[in-house]
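# Residue-level structural notes
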Amino acid sequence: MSVVIMTGGTSGLGAVAARRLVAAQVDLLLGARREGAYRARSLPLDLTRLDDVRVFATTVERMLGSETIDALVLNAGGYAHGGTVDGYDATFVVNHLAHYLLIRSLWTRISDGGTVVLTTSGTHDPAEHTVVPPPRHANAQWLAKPELDPNRDRSPRAAAGRAYSSSKLCVVLTARALRARTDTKARRIHIIAYDPGPTPGTGLVRDEGALVRFVWERLATPLRLVMRKANTIEDAGGTLAALALGTIRPPDGRVYAALRRGLLTWPTLSELARCDDVMNALWHDSARLVGLSD
Ligand SMILES: NC(=O)c1ccc[n+]([C@@H]2O[C@H](COP(=O)([O-])OP(=O)(O)OC[C@H]3O[C@@H](n4cnc5c(N)ncnc54)[C@H](OP(=O)(O)O)[C@@H]3O)[C@@H](O)[C@H]2O)c1
């Protein structure tokens, strides 16, 4: 039986993916703040707490025994608020830094030929022209401690949007950095940064006002008609499950997958996401932020 470790499987498109994985008979282990509404093992994990990630990884290793991980599905994310107990920006930690630490902690336990899927967002790419302000940089020091960024947004709404899109750029850059490792090639590990595309009906806007929540959560079907690139939760979650199961594999040289109106595309990366210096700096700075040496 395949072993899949997943975050973000309790709600939205991740819950759909988790159900599909269970239906495909995988041995699914969730890291989550609460139980999912289906039969899967679950361990407590609040991604705003780096110590939770360390404990989760150690517990997973112990539970695995001699088994390995066929797929690591890092889907949790969204807009978090304020700072974490570690003193970093919560959106940056939940979307990027905690998953970075989890990958580094479980990397040697991933099977040869296994898969790592990280959920990103099209908001990271200025060419998508989304309503969310695009990233200006992927400087981990500034994203972790926005008060250090000399050009930070003064409006809380713009700052929250920029924190989200920037953290999702970090996800794409981390996927690229993982793919560039020599052992990734040697062990034939597949790395995918997956943008599910605009997917109304999920919990993504849970902290917005009542009207936005009502439209996003209750009027998802008409909303999709007016959103050019939108997907159903079933399509977005089903595609995540297919990527995790290896039913869909990245074409040669591609790491970034984006779902658009139910169709999986493999777009060219944005200028910042393509930049090796930015990628390497993010990798090393993220290591320092979580107390690792490289
Ligand atoms: N929906 C879209 O339009 C869209 C577009 C592009 C990308 N995405 C990305 O897709 C992923 C899934 O989002 P969704 O739209 O399905 O939203 P969602 O329904 O809010 O799902 C978010 C998932 O992440 C988990 N999560 C959030 N913060 C966490 C934390 N601190 N610790 C542990 N788990 C945490 C949630 O757990 P709880 O159940 O405990 O809250 C939930 O399982 C996210 O990474 C999001 O950024 C969504």
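What counts, and at which threshold
Residues numbered from 1 in each chain as written. Predicted model: local features only at pLDDT ≥ 70, side-chain atom pairs only at ≥ 80, totals over all residues. Heavy atoms only, no water. Helix = DSSP H or I, 4+ residues; strand = E, 2+ residues; numbered from the N terminus. Expected span 1.5 Å × (residues − 1). Buried < 20%, exposed > 50% of the residue type's maximum accessible area, 1.4 Å probe, protein only. Salt bridge = Lys/Arg side-chain N within 4 Å of Asp/Glu carboxyl O. Near = heavy atom within 4 Å. Polar contact = N/O pair within 3.5 Å; in protein donor to acceptor, adjacent residues only side chain to side chain. Pairing = 2+ DSSP bridges. Axes fitted to C-alpha atoms, helices over the stretch in contact; angles between N-to-C directions. Contact = heavy atoms within 4.5 Å. Phe/Tyr/Trp six-rings, centres within 6.5 Å; stacked < 30°, edge-to-face > 60°. Lys NZ or Arg CZ within 6 Å of the ring centre and 35° of its normal.

End to end, helix α5 (residues 156-180) covers 36 Å across 25 residues, agreeing with the expected 36 Å (1.5 Å per residue, within 8%). Taking burial as the measure, the 25 residues of α5 include 18 buried ones, the bulk of the element.

Along its 12 residues, helix α1 (residues 12-23) runs 17 Å from first to last C-alpha, staying within 8% of the 16 Å computed at 1.5 Å per residue. All of the buried residues along α1 are L13, G14, A15, V16, A17, A18 and L21.

Overall, the coordinates contain 16 salt bridges when judged by the stated rule. Here R176 makes a salt bridge to D276, at a shortest N to O gap of 2.5 Å. Of this pair, R176 sits in helix α5 while D276 is found in helix α11 (residues 276-289), placing the two residues 100 residues apart along the sequence. The salt bridge involving R288 is made with D285; its shortest N-O contact spans 3.0 Å. Placement of the pair is R288 and D285 together in helix α11, with a separation of three residues, close to one helical turn. When salt bridges that share partners are traced, they join D112, R181, D183 and R187 into one network.

Around the ligand lies a shell of 32 residues, among which T10, S11, Y164, T202 and R206 are the nearest. Y164 is positioned such that a nitrogen or oxygen atom in its side chain is 2.6 Å from an oxygen atom of the ligand. Contact between the ligand and G203: an oxygen atom at 2.8 Å from a main-chain N or O atom of the residue. Of all elements in the fold, only α1 and α5 reach the threshold of two or more residues within the shell around the ligand.

A word on unusual backbone geometry. For R188, which is not glycine, the phi dihedral falls at a positive 55 degrees. The residue R188 is located in the loop between α6 (182-186) and β6 (190-195) in this model. Judged by its relative accessible area of 52%, R188 is exposed. Unlike most non-glycine residues, R261 shows phi in positive territory, near 50 degrees. Tracing the sequence through the fold places R261 in the loop between β7 (256-260) and β8 (263-265). Judged by relative accessible area, which is 47%, R261 ranks as partly exposed.

With mixed pairing, the eight strands of this open sheet are ordered in space as β3-β2-β1-β4-β5-β6-β7-β8. Looking along the sheet, the strands with just one partner apiece sit at the ends: β3 (41-44) and β8. On average, each strand axis in the sheet is inclined to that of its neighbour by 20 degrees, with strand direction left out of account. Relative to strand β1 (residues 3-7), α1 is tilted by about 165 degrees, and along the sheet it contacts β1 and β2 (27-32).

This model, assessed by the stated rule, comprises two aromatic pairs. Note on Y79 and Y164: the rings are 4.3 Å apart at their centroids and 15 degrees apart in plane angle, and the pair reads as stacked. With a gap of 85 residues between them, Y79 in the loop between β4 (69-74) and α3 (90-106) and Y164 in helix α5 connect regions that are remote in the sequence. A residue is classified by how much of its surface remains accessible, and Y164, at 7% relative accessible area, is buried. Consider the rings of Y100 and W283, whose centres lie 5.0 Å apart with planes at 75 degrees: the pair is edge-to-face. Of this pair, Y100 sits in helix α3 while W283 sits in helix α11, placing them 183 residues apart in sequence. The exposure classification of Y100 matches that of W283, with both residues buried. The lysine or arginine in question, R187, covers the ring of W107, its NZ or CZ lying 5.2 Å from the ring centre.

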